[in-house]
Amino acid sequence: MKIPTRAIINFLVYAMTIAVVVFVAGGYWLIGEYKKPGPLSEKVIFSVAQGQNASEIAENLQQHNVIRSVFVFRFALKYLDSGVFLKAGEYEIEPHASVQEVISSMQSGKIIQYQFTIPECFTSFEAMNTLNAIDILSGDIAHPPPEGTIFPDTYNFIKGEKRIDVIERMQKAMDMTVENIWRLSQNPSLPYKTPQDVLVMASIVEKEAGNPDERSRVAGLFLNRLKQDMRLQSDPTVIYGIVDGRPKSGGLGPLGRRLLKKDLDFDSPYNTYLYPGLPPTPICNPGKASIEAVLNPEEHDFIYMVADGTGGHVFASSLREHNANVAKWRKIRANSGE
């Protein structure tokens, strides 16, 4: 039996109308689900691992009760959010966050940031130990980076970041700092031939200047000694050579004890009592203030200094004056029971 053409047309129109209605209704439902508050009842930390695909992320979100539907998440990611990739990292997801809010957060990379601090004057060995102790970083560092290449500062990092990448960021920060200060502080009267010389001197000043306000004065003192062909006679350089850049901890100083007179005879290229000039490398990672100080030293005629018992130093321009200051310091130390 032949079906009338008109009936076929009416059927097709009806079917298309139903399809449009279903499509529109489905679209409204999807958009509603996309913007609808999610099922999450309390704040959670959610991790997106490096290399995870959208399906894996969606399934994990559903398992953690962040979203109701894997399909809605995948559909929204592909058709409603421009297909922008989700960024790896940790995300803090608020209660009842919608699919739209979850995707937006992961596309914008609003990743939880953690912090650690490398204090001024830390050695590279200490910096390495600090990073290796952060258990949410990845890839242990077996050997310390070269001394003086790490810029002391507070750094942000994300969970799973590679330790070597963090080290590289710290080294770039030091390179930029030294380059900028070196370029702005050219002084032909200073004896530095390279930025490395600046770092070596800055590391000594960092260790020697107990009071931060003394940095420029201490820098001037050591430069005066170099100009007069005197040995620097810096205790911290001797200690660095003895411990091989690996200071002890425990509150008793880098040697684990007081520096003794016999230690000054320890044969090391870092022993500035035995060898003239600067040691071969920095003895720690100096901060910006010490780098600036050695390029802008205080002008004076001091060539000696000794502790004053308050965290600072007493300075002298003659050995006779220095000996008197040393006698005062020994009396202070004896009275304190050291």
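Residues numbered from 1 in each chain as written. Predicted model: local features only at pLDDT ≥ 70, side-chain atom pairs only at ≥ 80, totals over all residues. Heavy atoms only, no water.

## As for the overall build of the chain
When helices and strands are counted, the chain shows eleven helices and six strands. Within the chain, the fraction of its 338 residues that count as buried is 39%. Partitioning the intrachain contacts of the chain with sequence separation of at least 6 by distance along the chain shows that 63% fall at a separation of at least 24. On the chain, roughly 19300 Å² of surface is accessible, and the fraction owed to carbon and sulfur atoms is 55%. (Helix = DSSP H or I, 4+ residues; strand = E, 2+ residues; numbered from the N terminus. Buried < 20%, exposed > 50% of the residue type's maximum accessible area, 1.4 Å probe, protein only. Contact = heavy atoms within 4.5 Å. Areas by Shrake-Rupley, 256 points an atom, 1.4 Å probe, with all protein chains shown as cover.)

## Brief notes about helix H5 (residues 124–132)
Helical geometry note: an α-helix holds 3.6 residues per turn, so side chains three or four residues apart project in the same direction. Within H5, burial applies to Ser 124, Phe 125, Ala 127, Met 128 and Leu 131. The buried residues of H5 occupy one face: seen down the axis, they fall within an arc of 160 degrees. At its buried positions, H5 is contacted by strand S3 (114–117) and helix H6 (163–184). (Arc of directions from axis to C-beta.)

## Describing the layout of surface pockets
Here the largest pocket defines a volume of roughly 1700 Å³. Listing elements by their share of the lining of the largest pocket, those giving two or more residues are helix H7 (195–208), helix H8 (215–227), helix H9 (235–243), strand S5 (304–307) and helix H11 (319–336). With seven residues, H11 is the largest single contributor of residues to the lining of the largest pocket. Here the residues of the lining of the largest pocket are counted per class, giving 24 nonpolar, 13 polar and eleven charged. (1 Å grid on protein atoms, 1.4 Å probe; cavity = no way out; pocket = protein on both sides within 12 Å on 5 of 7 lines; lining within 4 Å. Points joined across faces, edges and corners; volume = space filled by probe spheres on them. Nonpolar A, V, L, I, M, F, W, Y, C, P; charged D, E, K, R; others polar.)

## Re the packing of aromatic side chains
Each aromatic ring pair is characterised by the separation of its centres together with the angle its planes make. Counted under the stated rule, the structure contains five aromatic pairs. Seen from their ring centres, Phe 116 and Tyr 155 are 5.7 Å apart, and the 25 degrees between their planes marks the pair as stacked. Here Tyr 155 lies in strand S4 (residues 154–157) and Phe 116 lies in strand S3, a separation of 39 residues in the sequence. On the basis of relative accessibility, which here comes to 6%, the residue Phe 116 falls in the buried class. Overall, the relative accessible area of 7% leaves Tyr 155 in the buried class. Plain terms: the ring middles of Tyr 240 and Tyr 270 are 4.9 Å apart, the flat faces sit at 55 degrees to each other, and that makes the pair tilted. (Phe/Tyr/Trp six-rings, centres within 6.5 Å; stacked < 30°, edge-to-face > 60°.)

## Considerations on the confidence of the model for the chain
In this model, the chain carries an average pLDDT of 86, and 88% of its residues clear a pLDDT of 70 or more. Low pLDDT, under 50, characterises residues 20–26; the predicted model gives this stretch zero contacts beyond four residues in sequence or across chains. (pLDDT = per-residue confidence, 0-100.)

## Concerning empty space enclosed by the protein
What the rule picks out here adds up to one cavity of 30 Å³ or more. The computed volume of the largest cavity comes to approximately 70 Å³. Forming the boundary of the largest cavity are 13 residues, of which Glu 33, Lys 36, Ile 67, Arg 68 and Val 99 lie nearest the centre. Classifying every residue of the lining of the largest cavity by side-chain character gives seven nonpolar, three polar and three charged.

## What about the side chain of Asn 285?
Looking at where Asn 285 falls in the secondary structure, it is placed in the loop between H9 and helix H10 (288–295). In terms of polar contacts, Asn 285 uses its side chain to reach the backbone amide nitrogen of Ile 150, at 3.0 Å. Residue contacts for Asn 285: discarding those within four places in its chain leaves Glu 120, Cys 121, Phe 122, Thr 123, Ser 124, Glu 147, Gly 148, Thr 149, Ile 150 and Pro 152. (Polar contact = N/O pair within 3.5 Å; in protein donor to acceptor, adjacent residues only side chain to side chain.)

## Describing the pattern of salt bridges
This structure, assessed with the given rule, holds nine salt bridges. A salt bridge links Lys 43 to Glu 92; its shortest N-O distance comes to 3.9 Å. Placement of the pair is Lys 43 in the loop between helix H1 (5–35) and strand S1 (44–48) and Glu 92 in strand S2 (residues 89–93), with a sequence separation of 49 residues. Looking at Lys 43, the relative accessible area reads 43%, which means it is partly exposed. (Salt bridge = Lys/Arg side-chain N within 4 Å of Asp/Glu carboxyl O.)

## Here's the deal with helix H2 (residues 54–63)
Every buried residue of H2 is listed here: Ala 54, Ile 57, Ala 58 and Leu 61. Down the axis of H2, the buried side of the element spans an arc of 100 degrees, and every buried residue falls inside it. Just past H2, the residue Asn 65 takes up positive phi, approximately 60 degrees.

## Description of the side chain of His 322
Locating His 322 in the fold gives a position in helix H11. His 322 gets classed as buried once you look at its relative accessible area, which sits at 13%. With near-sequence residues (within four places) excluded, His 322 lies in contact with Tyr 304, Met 305, Val 306 and Ala 316.

## As for the environment of Asn 271
Relative to the elements of secondary structure, Asn 271 occurs in the loop between H9 and H10. Considered as a pair, Asn 271 and Val 238 are 33 residues apart in the sequence and their alpha carbons are 4.5 Å apart. Not counting residues up to four positions away in its chain, the partners in contact with Asn 271 are Val 238, Asp 263, Leu 264, Asp 265 and Phe 266.

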